[in-house]
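# Chains, contacts and geometry: an overview
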Amino acid sequence: MDTNAKTWYLRLLVCLMAVFVLWVYQVSHTRTKLTIGVFVGSAWDVPSGDGYAVTDTVIKSFQEEHPEVDVTYVSGIKREDYREWLAEQLLKGTEPDVFMVPAEDFDTYARMGAIRNLTDISQRDRGFDEDGFYQVALDCGRIRGGALYALPVECAPTMMFVNKTLLDREGIEMPSSDWTWQDFYSICARVTKDTDGDGVLDQFGVYDYTWRLAALTNGVQLFSKGGRSSYFADPRMEQGVNFLLSLRKLRQGQEVTSRDVDLGRVAFRPFTFAEYKTYKPYPWRIKKFSDSEWDCVRLPAGPQGRNVSPVSTLLLAMSNRTSEPGLAWQLMKKLCMDPGVQMSILEKSQGLPVRREVVLQAAAKDQAGGNGAGMYSMDLAAVSSIMEEAVPTPTLPDQETAMMMAERSMQEILSGEVSVANALHKLQKDVNAYLQR
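Keep in mind the model is a prediction, meaning the values are calculated, not measured. (Residues numbered from 1 in each chain as written. Predicted model: local features only at pLDDT ≥ 70, side-chain atom pairs only at ≥ 80, totals over all residues. Heavy atoms only, no water.)

### As for the overall build of the protein
- What the protein contains, in helices and strands, is 18 helices and 11 strands.
- Pairs at least 24 apart in sequence give 75% of the contacts found in the protein among residues at least 6 apart. (Helix = DSSP H or I, 4+ residues; strand = E, 2+ residues; numbered from the N terminus. Contact = heavy atoms within 4.5 Å.)

Laid out in structure tokens, this is it:
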């Protein structure tokens, strides 16, 4: 090959390399990018292992289905810092395409137009299976009037956990699903005793049963729909507080602690799904605390209430400014509806999946395993049944402060030093003054 030919081939090679580099540059700069706003760790104030395990699972699965899309997130944002971080991003107009919404800010963000109304896009999408969600979880993503502004990711219902070993020892059957306050009190009275004869009570009925649970299960609505009034003076609230006082009298002034629960000395303890799941640090898939076997049932119903449980829900919303609403919606569905992703929530997170079929599938698999305690640490079929009648935990911003005011007053009331009726009327007056300021 002569010199001219070599020169020509060299120039051709250089040109081809330049074209290739340009093509790579164009492809890399024309890929669609989506961002998702998440925080590290659990949403339920419990220890968490791999804080991004579920998020990474979602991204991997989504990008396999959409190879032209890059999904990223900012790592290292702690849950306690996330609310402020998201507010700053929204103010600057740099918020992610989809993001977890703090429950306290959901109503505000929806009404100010920061997050997209998903009603139309969900109704046009034939692949959106609304009925597959637990209704209470999906309703947490609606604002008053029924418009859908967020999808549920995972949730944490509160249930009554029962020390089956203690009840068996005392010859007491497990409570039924429709048990009442009277049933609850009767069992607590039977099991509260001095078992070693030293004159000091060492076995108790219940630990950490709160006035909020008593109010909920006796039909009390603490706040008006508009959030401008409270109903702490409701006769049903007074009935609930008096019931709590009667439970306290059983222990004769002794303080019941979580240590007593650990040692199997307590018959009942309300727990969220997340708390129970992480109660034993290693491994959490154990159904026994100490030498006691525990199981879950519905909360007992008050005379004017039902066997309902409060549930908190982690929500995912779409920015109203996203340039890729179609892909953002698909990403939301992947996280909130995909069976594999939802199952990873059960296995890698502390929350409960919001898809009914995933929980029931896990329950059936657990029972079929025949391994005694069960890998999921509780009866998931019972948990699913509880979810069908659960109610959302109030989350309006003003109610946070109002509930803190209520907690302080309830501590005084439950000390037995003030009149219940008078104290509740004063509390309602003070809270209403705050809400209507």
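### Considering the pattern of salt bridges
- Counted under the stated rule, the structure contains 22 salt bridges.
- With a shortest N-O distance of 2.9 Å, R321 and E95 are connected by a salt bridge. Note that R321 is positioned in the loop between β9 (310-318) and α13 (325-337) and E95 in the loop between α3 (79-92) and β3 (98-101), a separation of 226 residues in sequence.
- Connected via shared salt-bridge partners are R31, K33 and D70. (Salt bridge = Lys/Arg side-chain N within 4 Å of Asp/Glu carboxyl O.)

### Considerations on the environment of G227
- Within the fold, G227 resides in the loop between α9 (211-217) and α10 (235-250).
- Note: C-alpha distance between G227 and L435 (208 residues apart in sequence) is 7.4 Å.
- Setting aside residues up to four positions removed in sequence, G227 forms contacts with L396, Q399 and L435.

### Considerations on the nonpolar core
- Ranked by size, the top nonpolar core spans 90 residues in total, and within it M100, L151, L335 and M378 carry the most contacts.
- The leading source of residues in this core is α13, at 8 residues.
- C188, L250, L299 and A423 belong to the second largest nonpolar core, which has 46 residues in total. (Core = buried A, V, L, I, M, F, W, Y, C linked by side-chain atoms within 4.5 Å. Buried < 20%, exposed > 50% of the residue type's maximum accessible area, 1.4 Å probe, protein only.)

### Details of the packing of α10 against helix α18 (residues 420-435)
- Two elements in contact, α10 and α18, have axes separated by 10 Å at closest approach and are oriented at 130°. On the basis of their axis angle, the class for α10 and α18 is oblique. The crossing of α10 and α18 is right-handed. On the side of α10, the interface is formed by M237, E238, V241, N242 and L245, while α18 contributes V420, A421 and L424. (Axes fitted to C-alpha atoms, helices over the stretch in contact; angles between N-to-C directions. Parallel < 35°, antiparallel > 145°, perpendicular 65-115°, else oblique. Left-handed = near helix turned anticlockwise from the far one by under 90°.)

### A few points about the environment of S309
- Counting through the fold element by element, S309 comes out in the loop between β8 (292-297) and β9.
- Relative accessible area serves as the criterion here: at 1%, S309 is assigned to the buried category.
- Separated by 96 residues in the primary sequence, S309 and L213 have C-alpha atoms spaced 8.0 Å apart.
- Polar contacts involving the side chain of S309 include one to the main-chain carbonyl oxygen of T158, which spans 2.8 Å. (Polar contact = N/O pair within 3.5 Å; in protein donor to acceptor, adjacent residues only side chain to side chain.)

### What to know about α18
- Between its first and last C-alpha, α18 extends 22 Å over 16 residues, near the 22 Å set by a 1.5 Å rise per residue.
- Of the residues making up α18, those classed as buried are V420, A423, L424, L427, V431, N432, Y434 and L435. End-on, the buried residues of α18 take up no more than an arc of 165°, which puts them together on one face. Turned more than 90 degrees off the buried face of α18, the exposed positions are N422, K426 and K429.
- Capping of α18 at its N-terminal end is provided by S419; its side-chain oxygen lies 3.4 Å from the backbone amide nitrogen of N422. (Expected span 1.5 Å × (residues − 1). Arc of directions from axis to C-beta.)

### Examining the packing of aromatic side chains
- In total, this model carries 17 aromatic pairs according to the counting rule given.
- Judged by centre distance (5.2 Å) and plane angle (70°), the rings of F184 and Y209 are edge-to-face. On the criterion of sequence distance, the pair formed by F184 in helix α8 (residues 181-191) and Y209 in the loop between β5 (204-206) and α9 is long-range, its members being 25 residues apart. Per residue, the accessibility class of F184 equals that of Y209, and both read buried.
- Plain terms: the ring middles of F223 and F232 are 6.1 Å apart, the flat faces sit at 90° to each other, and that makes the pair edge-to-face.
- For F232, a relative accessible area of 0% puts it in the buried group.
- One residue, R355, lies across the ring of F133, its end atom 4.5 Å from the ring centre. (Phe/Tyr/Trp six-rings, centres within 6.5 Å; stacked < 30°, edge-to-face > 60°. Lys NZ or Arg CZ within 6 Å of the ring centre and 35° of its normal.)

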